[in-house]
Amino acid sequence: NNEYHYYWTSPIAAVAPSLTNEFQCLQHLHHHASNNNNNSSNTNNNNSSTPSPSPLLDPRGPSLWMGTSSSGTQCHYDVADNVIVQLYGTKRIRIYPPSVGVYHLHVFPDAHSKARKSQVDFDAYDRRRICGSGCSSEDGNVSEQVKNKLKFPHFDNIPDPTLDITLHPGDAIEIPAFWFHHVENGQIPNHHDNTNTNQEEKPILDIEDDAPSVSANYFSLSQPMMMAQQIFQRASLHYNMPQLIMHEDTARTKKRDLASSILRILGPSLIRGLNVVEHGSEEEFIRRYLLEARYHPLSQSSINNEKDEQDGSININNQSNGKLSNNEIQSAKDLVERILPEFHDLQQATTNATTKENDEKKDGDDKGIILLVALHLLELWAVELVGASSVARVWKEALLS
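Definitions and limits used
- Residues numbered from 1 in each chain as written.
- Predicted model: local features only at pLDDT ≥ 70, side-chain atom pairs only at ≥ 80, totals over all residues.
- Heavy atoms only, no water.
- Helix = DSSP H or I, 4+ residues; strand = E, 2+ residues; numbered from the N terminus.
- Contact = heavy atoms within 4.5 Å.
- Areas by Shrake-Rupley, 256 points an atom, 1.4 Å probe, with all protein chains shown as cover.
- Axes fitted to C-alpha atoms, helices over the stretch in contact; angles between N-to-C directions.
- Parallel < 35°, antiparallel > 145°, perpendicular 65-115°, else oblique.
- Left-handed = near helix turned anticlockwise from the far one by under 90°.
- Nonpolar A, V, L, I, M, F, W, Y, C, P; charged D, E, K, R; others polar.
- Salt bridge = Lys/Arg side-chain N within 4 Å of Asp/Glu carboxyl O.
- Buried < 20%, exposed > 50% of the residue type's maximum accessible area, 1.4 Å probe, protein only.
- Bend = angle between axes of the 7 residues up to and from the residue.
- Core = buried A, V, L, I, M, F, W, Y, C linked by side-chain atoms within 4.5 Å.
- Pairing = 2+ DSSP bridges.

1. Regarding the overall build of the protein chain
Summing up its helical and strand segments, the protein chain has 12 helices and 12 strands in all. Sequence separation of 24 or more characterises 79% of the internal contacts of the protein chain that already satisfy a separation of 6 or more. In the structure as shown, the protein chain presents an accessible area of about 20,500 Å², 47% of it carried by carbon and sulfur atoms.

Okay, here's the thing in structure tokens:
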């Protein structure tokens, strides 16, 4: 049926336990990657390397992935390291660094059922590129492009993927945790017609690749994931400022007023302390890459166009902090100061993981991982204070107060 695509996955142990041993090679690939990363950062004075601990493999074991031609997985990131081996057919994978996810991919909010996935319909943009100037309003492509640009303003200037590869049987790839990847099975654009330089480059569909795809993968827990979980636990307002977590019967307006006051301190202070955006642009970063990127496409209302009545960024030191006491204000600032060293440790760990034996930097993206974790924490604080359904509204109030 041309209207439907089918994609199925399951741990191998659940459907064919006798085959589990056949896929131990995936475990060895994780060991190989772990040792390579360790050799790059743990050399001692005798120029020898310390053996790295075994990777913490998914207890479910390896999994099978089967999909009909043209099925796929929307661009997303995993919090675990992922090794994929292609068994049958083809699989195209476009890989983007974490920072591209922050700045361009309009990721679903973390409390959403599709968390970690991009909200952008890659297929809509691919149809535009394939048909080139041949797109017409009759088939809805033109109006679809306009809607996409309005809904996903950050995506239109997305850079090329770091890696755009087609896996064939016997090929394997490792995708690090927090790196975004868009997966397409079977019939895919895998080479281009560059003969006419006056027209947009048009991918050509290779009909020989129009077949189902079968692959196997094995996840292993990543150090950045475990460090991020520790940050979330230690930064929880339930633990640090329980007096601010109100009961459900508290008046909604009172709850939001107090929440916006505390977020007005926590958010900009965290982004400023990470030193990953230009000084003075912390509130604009939150407005643009939390509200506009993640919540605006879902609400269909332009948060970014509702500007503060005052020009310039908000100076939290000159704002009224609502009903917060001086002790509560100081507690919020102290909380940020306590967790900043853990963010810096996370950044150092991700930097070490992308260094070669000769200390030459690879194309790492430690800043992107830091920003993804920080945005998650900004959402977590709001969820703790007002619930998942009011995150966008309370952050908007915090930044416009």
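Next comes the rest of the account.
2. Observations concerning the packing of helix α9 (residues 282-299) against helix α12 (residues 391-400)
Running from amino to carboxyl end, α9 crosses α12 at an angle of 155°, the nearest separation of the two axes being 11 Å. Judged by the inter-axis angle, α9 sits roughly antiparallel to α12. By crossing handedness, the relation of α9 to α12 is classed as left-handed. Where α9 approaches α12, its residues E283, I286, R287, L290, L291 and Y295 are matched on the opposing element by V391, A392, W395, K396, L399 and L400. When grouped by side-chain class, the residues that make up the contact of α9 with α12 number 9 nonpolar, no polar and 3 charged.

3. A short note on the pattern of salt bridges
Evaluation of the coordinates by the stated rule reveals 13 salt bridges. With its nearest N and O atoms 3.2 Å apart, the salt bridge here joins R234 to E342. Of this pair, R234 sits in helix α6 (residues 223-235) while E342 sits in helix α10 (residues 326-352), and the two are 108 residues apart along the sequence. R256 is paired through a salt bridge with E397; the nearest N and O atoms lie 3.1 Å apart. With R256 in helix α8 (residues 252-274) and E397 in helix α12, this residue pair connects regions lying 141 residues apart in the sequence. The class of E397 is partly exposed, set by a relative accessible area of 23%. Salt bridges linked by common partners bring R92, R94, D164 and E184 together as one network.

4. Focus on α9
The largest bend in α9 amounts to roughly 40° and is located at E292. The buried count for α9 comes to 14 of 18 residues, which makes it a mostly enclosed element.

5. Details of the nonpolar core
Core analysis: the largest hydrophobic core is formed by 70 residues, its most contacted members being L270, F343, W381 and W395. Discounting residues that sit within four places of it in the chain, F343 has contacts with I231, L270, L274, I370, V373, A374 and L377.

6. A word on the sheet that holds strand β7 (residues 163-167)
In sheet architecture, strand pairing relies on hydrogen bonds along the backbone and comes in two forms, parallel and antiparallel. Ordered by their spatial adjacency, 4 strands build an open sheet running β4-β9-β6-β7, and the pairing between neighbours is antiparallel. Two strands in the sheet have a free side with no partner beyond their single neighbour: β4 (72-76) and β7. Strand-to-strand twist of the sheet, defined as the mean angle between neighbouring strand axes without regard to direction, takes the value 15°. Sheet analysis places strand β6 (residues 91-96) next to strand β9 (residues 180-185), joined by 6 bridges and oriented antiparallel. In the sheet register, R92 faces β9, and the bridge partner there is E184.

7. Section: the pairing of strand β12 (residues 213-221)
Two faces, one strand: in a regular strand the side chains alternate between the faces of the sheet. Across the 9 residues that make up β12, a large majority, 8, are buried. Sheet analysis places strand β2 (residues 56-57) next to β12, joined by 2 bridges and oriented antiparallel. When the sheet's bridge partners are listed, L56 is paired in β12 with L221. Pairing of strand β3 (residues 63-67) with β12 involves 5 bridges; the strand directions are antiparallel. Counterpart to M66 in the pairing with β12 is V214. Pairing between strand β5 (residues 80-88) and β12: 8 bridges, direction antiparallel. Among the inter-strand pairings, Y88 is bridged to a residue of β12, identified as V214.

8. Considerations on the environment of V214
Along the chain, V214 turns up in strand β12. The exposure class of V214 is buried, given its relative accessible area of 17%. Dropping the residues within four chain positions of it, V214 is found in contact with W65, M66, Q86, L87 and Y88.

9. Points about unusual backbone geometry
Unlike most non-glycine residues, S70 shows phi in positive territory, near 80°. Accessibility expressed as a relative area gives 39% for S70, which makes it partly exposed. At R116, a position not held by glycine, the phi torsion is positive, near 80°. Looking at the secondary structure, you find R116 in the loop between α3 (98-104) and α4 (122-131).

10. Re the packing of α6 against helix α11 (residues 366-386)
At a closest axis distance of 11 Å, the pairing of α6 and α11 adopts a crossing angle of 30°. Relative to α11, the element α6 lies roughly parallel. The two elements α6 and α11 meet at a crossing, and its hand is right-handed. Of α11, the residues touching α6 (which contributes A228, I231, F232 and A235) are V373, H376, L377, L380 and W381.

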